[in-house]
Amino acid sequence: MGAHYDHLGRNEHNHSTKPNSHGEIHNGADDNASGVSGVLELARILAQNKSKEKVNYVFALFSGEEDGLIGSKFMAETLKDKFPNVVAMINMDMIGRLNDNKALVVGGVGTSPVFEKIIEKNKPAGFNVTIENTGIGPSDHTSFNLKDIPVLFFFTGTHMDYHKPSDDEEKINYYGVRAIVDYIFRVTNEISNTNEIPFTKTKVEAGKKVPTYKVTLGIMPDYTDYGDGLHIDGVTDDRPAAKAGILSGDVLTQIGDCKIKEVYSYMDCLSKLKIGDEREITVIRKGEELKFKVIF
């Protein structure tokens, strides 16, 4: 069970999404103190529950994630020398911002044929869980997946404070963190009682392909697949969406003739555009359809 404990510090490596923030402290309460707290709490629960599990657990906190999965890559390369019978890795990266829709993304579900049933069976009541099959993504589970270890990745999504000094503890949803940790505890218990955890190799294409694109709308998307469009968690100042009048909370359904159902179709629509293109953007705001002209 792992999480990365590094963040951006004072933005020495220029990873911040806030302009001119060199020297400002980036605490990373969600990214990724929330995941670290999850690992520590699971260690506490399993150490104090007066039960003898059928498996051993390794609790790991990684550095160097923000600079390219450095810590987890090193551990993954040496892990089987120390623990040759590792059957699964669970990664917690940004589990601190559960929203009002209780939207949670669980990645890596396709890396073992037993995972989907376990994830669905133990899902918390009222949660909207989006399952992604791929074991490849921008977080530490990728390092282990590339060593043929089944992985699960828990993530409550990006937000306007992502990689900014404003990602601070007063914005953490503590109820959400506790509920997600309880969920992971139930999942790990069931994994520990499963006789075999076969590995299935996945690629990005095995989940959903992420296309490349040259333009940006300037929004922070909700990664949950609601099926009715892309739910917008935040809008960046002075970018095309903000200039057009699009607001946080809007549901993006169309860019020009390109229809949008979730984040992947949104990125596919962006991939068809170039800088300077003008398109009509359609959003749903409080049940009303609105249209805006946007220049990319």
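Quick notes on the rules
- Residues numbered from 1 in each chain as written.
- Predicted model: local features only at pLDDT ≥ 70, side-chain atom pairs only at ≥ 80, totals over all residues.
- Heavy atoms only, no water.
- Helix = DSSP H or I, 4+ residues; strand = E, 2+ residues; numbered from the N terminus.
- Rg over C-alpha atoms; globule rule 2.2 N^0.38 Å.
- Contact = heavy atoms within 4.5 Å.
- Areas by Shrake-Rupley, 256 points an atom, 1.4 Å probe, with all protein chains shown as cover.
- Lys, Arg positive; Asp, Glu negative; His and termini not counted.
- Charge placed at Lys NZ, Arg CZ, Asp CG, Glu CD.
- Axes fitted to C-alpha atoms, helices over the stretch in contact; angles between N-to-C directions.
- Parallel < 35°, antiparallel > 145°, perpendicular 65-115°, else oblique.
- Left-handed = near helix turned anticlockwise from the far one by under 90°.
- Nonpolar A, V, L, I, M, F, W, Y, C, P; charged D, E, K, R; others polar.
- Buried < 20%, exposed > 50% of the residue type's maximum accessible area, 1.4 Å probe, protein only.
- Disulfide = S-S within 2.5 Å.
- Polar contact = N/O pair within 3.5 Å; in protein donor to acceptor, adjacent residues only side chain to side chain.

A. Quick look at the overall build of the chain. For the chain, the count of helices and strands is 8 helices and 12 strands. By the compact-globule yardstick of 19 Å for 296 residues, the chain fits well, its C-alpha radius of gyration being 20 Å. With the principal axes as the frame, the chain shows a C-alpha extent of 60 × 45 × 35 Å. When contacts within the chain are restricted to residue pairs at least 6 apart in sequence, those whose partners lie at least 24 apart make up 72%. Working note: accessible area of the chain is about 14,800 Å², and carbon and sulfur atoms make up 50% of it. Taken as two groups, the 35 positive and 43 negative side-chain charges of the chain have centres that lie 4 Å from each other.

B. Inspection of the packing of helix 1 (residues 29-48) against helix 5 (residues 174-192) at higher detail. Contact pair helix 1 / helix 5: the axes reach a minimum separation of 10 Å and the direction vectors enclose 55 degrees. As far as their axial angle goes, helix 5 and helix 1 are oblique. In this structure, helix 1 crosses over helix 5, and the sense of that crossing is right-handed. Where helix 1 approaches helix 5, its residues Ser37, Gly38, Glu41, Leu42, Ile45 and Leu46 are matched on the opposing element by Val177, Val181, Ile184 and Phe185. Broken down by class, the residue content of the contact of helix 1 with helix 5 amounts to 7 nonpolar, 2 polar and 1 charged.

C. Region of the structure containing helix 8 (residues 263-270). Most of helix 8 is tucked away: 7 of the 8 residues are buried. Considered for burial, the residues of helix 8 that qualify are Val263, Tyr264, Ser265, Tyr266, Met267, Cys269 and Leu270. Tucked into the core, helix 8 has its buried residues touching strand 7 (219-221), strand 8 (230-235), strand 9 (251-255) and strand 10 (258-259).

D. Spotlight on the state of the cysteines. Throughout the structure, instances matching the rule amount to 1 disulfide. Paired through a disulfide, Cys258 and Cys269 show a sulfur-sulfur distance of 2.1 Å. Across the S-S bond linking Cys258 and Cys269, the dihedral sits near -85 degrees, which makes this disulfide left-handed. Of this pair, Cys258 sits in strand 10 while Cys269 sits in helix 8; the two residues are 11 residues apart in sequence, bridging distant segments of the chain. Each of the two residues, Cys258 as well as Cys269, counts as buried.

E. Highlighting the side chain of Asp250. With respect to the helices and strands, Asp250 occurs in the loop between helix 7 (240-244) and strand 9. The buried category is assigned to Asp250, whose relative accessible area is 2%. A polar side-chain atom of Asp250 sits 2.8 Å from a polar atom in the side chain of Arg285. Ignoring anything within four residues of it in the chain, the contact list for Asp250 reads Leu230, His231, Ile232, Val283, Ile284 and Arg285.

F. Quick look at the side chain of Ser16. Its location among the elements puts Ser16 in the loop between strand 1 (2-4) and helix 1. Using a relative accessible area of 16% as the deciding quantity, one classes Ser16 as buried. A distance of 2.9 Å separates polar atoms of two side chains, one belonging to Ser16 and the other to Ser21. Among the polar contacts made by the side chain of Ser16, one reaches the side chain of His26 at a distance of 2.9 Å.

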